[in-house]
There are 2 protein chains.
Amino acid sequence: MARKTANRRVGITDVAQRAGVSLASVSRVMNGNFSVDPDIAARVRAAAAELNYHPNAVGRSLALGKTDTIGIVVPDLANPTFQGMLRGVSRAAAQDGYRVLIADSSEVSSEESILAGEARRRCDGVVLCAPRMNEAELEALLPSLQPLVLINRSTADTQTPSLVVDYGQGIQDLAAHLVELGHTRLVFLAGPERSAGNQARLQGLEKFRVDHPEVELTTLPAGSSFEAGHVSAVAVLATGATGVLAFNDLVAMGLLSGLHERGVDVPGDISVTGFDDIPFANYTTPPLTTAAVAINDIGEQAWHELRQLLGDGDPEPAHTTFQPELKRRGSTGRVKKPTLS
Amino acid sequence: MARKTANRRVGITDVAQRAGVSLASVSRVMNGNFSVDPDIAARVRAAAAELNYHPNAVGRSLALGKTDTIGIVVPDLANPTFQGMLRGVSRAAAQDGYRVLIADSSEVSSEESILAGEARRRCDGVVLCAPRMNEAELEALLPSLQPLVLINRSTADTQTPSLVVDYGQGIQDLAAHLVELGHTRLVFLAGPERSAGNQARLQGLEKFRVDHPEVELTTLPAGSSFEAGHVSAVAVLATGATGVLAFNDLVAMGLLSGLHERGVDVPGDISVTGFDDIPFANYTTPPLTTAAVAINDIGEQAWHELRQLLGDGDPEPAHTTFQPELKRRGSTGRVKKPTLS
DNA sequence: CTGAAAGCGCTAACAT
DNA sequence: ATGTTAGCGCTTTCAG
C-alpha cells in the first residue's frame, strides 16, 4: 500500500471511532442523508470538526462512480478564444460543484485523440474543442468520449451536443460592412488551412462573392497569430486592397502593428477587421472593428449541455449556433477614394 | 452501487477472464511490471486490445494513493498573467504525465481558502496563486495544502517553495528608464490595494524616491484592468506628469486607449510603461515599454518544484526570485520640454 | 434508525 | 512467475 509520508490523513474511520458510531452513520451524516438521529449527527459533526475531517474525494469517486470533474481539451491555451471558453466552462461548472481538468494539446492535433481519451477517463465528461482534427478521426473518437459536447465541430451523431459559431455569416457581415463603407477591393487574411473555422469563413466569403460580384476579393494565407498578421502587412499593401478581413483579432492586431510601422494610416488608408472580439480588441488604436463571439457564453452553454448529459439539470436543445455580432469600431472607415481596378 | 447506464465499462476483471489469467497478472502487464511470462503478457495485451480496455483512473488512484493530478488556484482566469502561468504549469506537468485541475476563485478571495482545500483534496499537490489573500489566512491554510508551491507570496514556512517576481525592482527599472529619458514628473497608476504585487511595487517606488529626490512621483489609485487604465486618462493628464507607470500592461493599454481618444500623443506628449509584457504588449500602438515577466517559465518552475515535493525529479532550490527585464519600446520617449514644477 | 458487510477497480504483499 | 487476498476510503444495500 502506498503511504507517502508518516502522517496519516484522517479518514472516515477515525471520525466513526471518535464519535463512537459506525462508518455508515458518519457517511450518512456527511452526505446530509435523511434519517439520522440528531444526537448522533451532532456527535459525528463534532468529531469531524475536531479532527478536521474532509471526505477523501477519490474514495468517494470510486464508490459513487463519478468524479464531479469534467475535462476540457483545447488546442492552445495561449489563444484568447480558448482561454475565454475555458473560463466560461470553468465558472459555470464551478457553480454546480464541478471542477475542470485541462488538456492542452499544444496545437499537436495528433495528440488530441489520446489526450481526450485520457481526460475522459479521469472525468465524468468532456468538452472537446479540436478545430484541426480530421473528420474521420473525430467520428471514431466520439463513442469513447461520451458524454461529451463538441465545440465548433458538427457530427452526424445526434447524441452529441455541439455548439458552433457561424463564422461564415460573421465574415459576410464584416465584408458587407466594408462594402457599405465604399470598399470594393478586399483581402482576406486566411487562418490555418485545416481549421474548421477557417473553412467556414472561406465558405461564407464564397457566398459573399456571389452576392457582391462587383467586389474584388482576394485571399492571402496568413495564420492565426499576431506574427501572421504582422508579417502580412507587406503582402496586404501589395494587393492594393483598401479593406482587410483578418482571420481573427490576433491577426488583425498584428497587421495593425505592421501597418503602423510602415506609416500606413488605419482607417485612413486601409480599413481592418478582426474576428472574435477578444477583450483587447476594444483597446487597440484604433479600436478594432470585429465580429463579436460570445465565447464565455459558449463555455457556459457547453457546461449546461454536458450537465444535462450527466443527468443533472433540465433538458435543453442540443445543437446551438452562435451568431457573431458586428462591432463597428475605429479600425474601419469610409474608403478614401474609390479605387480604379 | 452507482451504475449510471446499462453499459458496463470493461474492467480489469474482464481482461483477466478473457486472457485466462489472474487480476494480478493483468495489473502487472498493464504497469509494465517485471517478471511476467512473455506468453501471458501477450495474451493479456491481446485481450486488453480486443476489449479496448483502459485502466480506470479512479481505481488506480485509490490503490496507489496518488492521482497524477495537481491543482492550480488562480484569482482570475481572465487575466493574461494567470493564463500564462496556467499554461506554463499545464504544459510542464503534462510532460511528466500529470494533469491540471483549475480552481478559478473569480477574484472572490474569501472563497480562495475553501477552493484551495477542495482542489488539494482531489489532487496530489497544489500551485497557489492568491495575491489578495491576507497573511494570516495564508499561513493558516498552508499546512492543509501540503505539498504546495506558492506564487508571488512568501512564507516563513521553509517547506514551501515559493516563486516570486521582483516587482519592486522592475518598477524601479521602469522609473529609472523614464528618468533617463528626461522625465521628472511621474505618476504611478496603482493596482489593487491589497494585492501583494502592488505593495511590492509601492515599496520599490519608495526606494526610487530616495534615490531620485529630484523626481516628483505621485500615486493614483487605479486597478488592474483595461477599464482602470482607461478611466484614469483624465486624472493622469490632470497631474501634469510626463511619464506614467501603469500597474500592469492591461492598465497601460487602457490608458493608451484613453489618451488616444483625447488626442494625446504617446510618447510625444506622455510616456507610458506597463508591466508583465503580456503577448499583446508588443502589438499596441505604439508598442508598450514594459518590464517583462517570464510568466510561462514561472509556471514551468512551479511544476518542477512541486514535482520535487511529490518525490519525483531531482532536487532544486526551493525559493526563486524572478527578475523582470526592461523592454524599451515605442510608448516611452524623451520628454518634450523639461517640465517646470 | 443504526451497524455489519459488500463492493467500486485497481495494486501489492504474501504465498505458492 | 503466478494466483490469492487484503486493502485504498467511501457509500449503500441489507439485516436487525
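The rules we used
- Residues numbered from 1 in each chain as written.
- Chains lettered and ligands numbered in written order.
- Predicted model: local features only at pLDDT ≥ 70, side-chain atom pairs only at ≥ 80, totals over all residues.
- Heavy atoms only, no water.
- Core = buried A, V, L, I, M, F, W, Y, C linked by side-chain atoms within 4.5 Å.
- Buried < 20%, exposed > 50% of the residue type's maximum accessible area, 1.4 Å probe, protein only.
- Contact = heavy atoms within 4.5 Å.
- Near = heavy atom within 4 Å.
- Polar contact = N/O pair within 3.5 Å; in protein donor to acceptor, adjacent residues only side chain to side chain.
- Helix = DSSP H or I, 4+ residues; strand = E, 2+ residues; numbered from the N terminus.
- Nonpolar A, V, L, I, M, F, W, Y, C, P; charged D, E, K, R; others polar.
- Domains from an automatic or database assignment.
- Pairing = 2+ DSSP bridges.
- Right-handed = clockwise from strand over helix to strand, strands pointing away.
- UniProt positions renumbered as here; feature names shortened; annotations may be inferred.
- Least-squares fit on C-alpha atoms with pLDDT ≥ 70 in both.

## Brief notes about the nonpolar core
Alright, step 1. In terms of nonpolar packing, the biggest core is built from 140 residues, with Ile70, Val272 and Phe280 of chain A together with Ile70, Leu245, Val272 and Phe280 of chain B touching the most fellow members.
Alright, step 2. The contacts of Val272 of chain B, once residues within four sequence positions are left out, are Val244, Ala252, Leu255, Leu256, Leu259, Val266, Leu288, Thr289, Ser331 and Thr332 of chain B.

## Some details on the protein's contact with DNA strand C
Alright, step 1. Taken together, 27 residues form the shell around DNA strand C, and within it Arg28 and Asp37 of chain A together with Ile12, Tyr53 and Arg60 of chain B come nearest.
Alright, step 2. Atoms of DNA strand C within 4 Å of the protein belong to the sugar or the phosphate in 71% of instances, the rest to bases.
Alright, step 3. Take Asp37 of chain A: an N or O atom from its main chain is 2.6 Å from a phosphate oxygen of DNA strand C.
Alright, step 4. At 3.2 Å, a backbone N or O of Ala63 of chain A approaches a base oxygen of DNA strand C.
Alright, step 5. Every element with two or more residues in the surface near DNA strand C is listed here: helix H2 (23-30) and helix H4 (57-64) of chain A together with helix H2 (23-30) and helix H4 (57-64) of chain B.
Alright, step 6. Among the elements that line the surface near DNA strand C, the one with the most residues is H4 of chain B, at five residues.
Alright, step 7. Partitioning the surface near DNA strand C into residue classes produces 14 nonpolar, eight polar and five charged.

## Section: unusual backbone geometry
A negative phi holds for most residues other than glycine; trans holds for most peptide bonds.
Alright, step 1. Cis geometry is found at the peptide bond from Val266 of chain A to Pro267 of chain A, where omega equals 10 degrees.
Alright, step 2. Considering the arrangement of structural elements, one finds Pro267 of chain A in the loop between helix H11 (249-261) and strand S9 (271-273).
Alright, step 3. Positive phi values are uncommon outside glycine, yet Asn152 of chain A reaches one of about 60 degrees.
Alright, step 4. With respect to the helices and strands, Asn152 of chain A occurs in the loop between strand S4 (148-151) and strand S5 (162-165).
Alright, step 5. Its identity as a non-glycine residue notwithstanding, Asp68 of chain B has a phi of 55 degrees, on the positive side.

## Side note on the domain arrangement of chain A
A common way to report how large an interface is uses the accessible area buried once the components associate.
Alright, step 1. Split into domains, chain A comes out as domain 1 (2-64), domain 2 (69-165 + 295-322) and domain 3 (167-293).
Alright, step 2. If you average the C-alpha positions of domain 1 of chain A and of domain 3 of chain A, the two centres end up 60 Å apart.

## Comments concerning the pairing of strand S3 (residues 125-128) of chain B
Residues and elements named next belong to chain B.
Alright, step 1. Here S3 shows a buried face lined by Gly125 and Val127 and a second buried face lined by Val126 and Leu128.
Alright, step 2. Two elements, strand S1 (residues 69-74) and S3, share four bridges in a ladder whose sense is parallel. Directly across from Gly71, in S3, lies its bridge partner Val126.
Alright, step 3. Between S3 and its parallel partner strand S4 (residues 148-151), the chain crosses via helix H7 (residues 135-145), and the hand of that crossover is right-handed.

## Thoughts on the protein's contact with DNA strand D
Alright, step 1. Neighbouring DNA strand D are 26 residues, the closest being Ile12, Asn56 and Arg60 of chain A together with Arg28 and Asp37 of chain B.
Alright, step 2. A breakdown of the atoms of DNA strand D within 4 Å of the protein gives sugar and phosphate a share of 67%.
Alright, step 3. Between DNA strand D and Ser25 of chain B, the relevant distance is 2.9 Å, taken from a phosphate oxygen to a side-chain nitrogen or oxygen of the residue.
Alright, step 4. Ala63 of chain B has a polar backbone atom sitting 3.2 Å from a base oxygen of DNA strand D.
Alright, step 5. Taken together, the elements giving at least two residues each to the surface near DNA strand D come down to H2 and H4 of chain A together with H2 and H4 of chain B.
Alright, step 6. Counting residues per element, the surface near DNA strand D draws most heavily on H4 of chain A, which supplies five residues.

## Comments concerning the UniProt feature "domain: HTH lacI-type" (unreviewed entry) in chain A
Alright, step 1. Here, UniProt's "domain: HTH lacI-type" (unreviewed entry) annotation points to residues 10-64 of chain A.
Alright, step 2. Secondary structure within residues 10-64 of chain A divides into 69% helix and 0% strand; the distance between the first and last C-alpha atoms comes to 20 Å.

## A word on the environment of Leu217 of chain B
Residues and elements named next belong to chain B.
Alright, step 1. Among the secondary structure elements, Leu217 is positioned in strand S7 (residues 216-221).
Alright, step 2. Measuring from C-alpha to C-alpha, the distance between Leu217 and Glu206 comes to 9.6 Å, with eleven residues separating the pair along the chain.
Alright, step 3. Not counting residues within four places of it along the chain, the set of residues in contact with Leu217 comprises Leu186, Val187, Phe188, Leu205, Phe208, Arg209 and Leu245.

## Considering the relation of the copies chain B and chain A
Copy one and copy two of the chain differ by a rotation about a common axis and a shift along it.
Alright, step 1. With an RMSD of 0.1 Å, the fit of chain B onto chain A corresponds to turning through 180 degrees and sliding 0.1 Å along the axis. Both copies are brought into coincidence by an operation consistent with a two-fold rotation axis. Of the C-alpha atoms belonging to chain B, the one lying closest to the rotation axis is found on Leu101 of chain B, 2.2 Å away.
Alright, step 2. Both copies share a contact surface, since 98% of the interface residues of chain B are interface residues in chain A too.

## Considering the environment of Arg185 of chain B
Alright, step 1. Inspection of the secondary structure puts Arg185 of chain B in strand S6 (residues 185-190).
Alright, step 2. In this structure, the C-alpha to C-alpha distance between Arg185 of chain B and Lys207 of chain B, residues 22 residues apart in sequence, is 16 Å.

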